[in-house]
Amino acid sequence: MPATPQQLEDFIQDVLISLHANIRDLEEKRAFADPEEHAYIDGRLFSYIEMLAILRASARDTGIDPGAIGL
């Protein structure tokens, strides 16, 4: 069964909310982390931020305004 436009929008919004929440959580953890944990946290932050960059580029490539969908 194909997804409806509303289901797709809800899915995208849920993914973006999760990505943003994970970034905020990691930034907060980094502020209180031991120096040994910084590299691990920085790696995870880089991955999440890179994922958002990929989504922004893909949105632009498909004619979607990244800001209109929370990017």
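Residues numbered from 1 in each chain as written. Predicted model: local features only at pLDDT ≥ 70, side-chain atom pairs only at ≥ 80, totals over all residues. Heavy atoms only, no water.

Peer 1: Tell me about the layout of surface pockets, and name the residues and values.
Peer 2: A volume near 200 Å³ is recorded for the largest pocket. Every residue along the wall of the largest pocket is listed here: Phe11, Ile12, Val15, Leu16, Leu55, Ser58, Ala59, Thr62, Ile64, Ile69 and Leu71. For the lining of the largest pocket, the elements supplying multiple residues, two or more each, are helix 1 (5-32) and helix 2 (35-61). Tallied by class, the residues present in the lining of the largest pocket amount to 9 nonpolar, 2 polar and no charged. (1 Å grid on protein atoms, 1.4 Å probe; cavity = no way out; pocket = protein on both sides within 12 Å on 5 of 7 lines; lining within 4 Å. Points joined across faces, edges and corners; volume = space filled by probe spheres on them. Helix = DSSP H or I, 4+ residues; strand = E, 2+ residues; numbered from the N terminus. Nonpolar A, V, L, I, M, F, W, Y, C, P; charged D, E, K, R; others polar.)

Peer 1: Quick rundown of the environment of Ala39? Include the residues and the values.
Peer 2: Its place among the elements puts Ala39 in helix 2. Sequence separation between Ala39 and Leu26 is 13 residues; the distance between their C-alpha atoms is 12 Å.

Peer 1: Kindly report on the pattern of salt bridges, identifying the contributing residues and their values.
Peer 2: For the structure on display, the rule yields 2 salt bridges. Between Asp25 and Lys29 there is a salt bridge, with its nearest N and O atoms 3.3 Å apart. Residue Asp25 and its partner Lys29 are both found in helix 1; the two are separated by 4 residues, about one turn of the helix. Classification of Lys29 by relative accessible area gives partly exposed; the value is 45%. (Salt bridge = Lys/Arg side-chain N within 4 Å of Asp/Glu carboxyl O. Buried < 20%, exposed > 50% of the residue type's maximum accessible area, 1.4 Å probe, protein only.)

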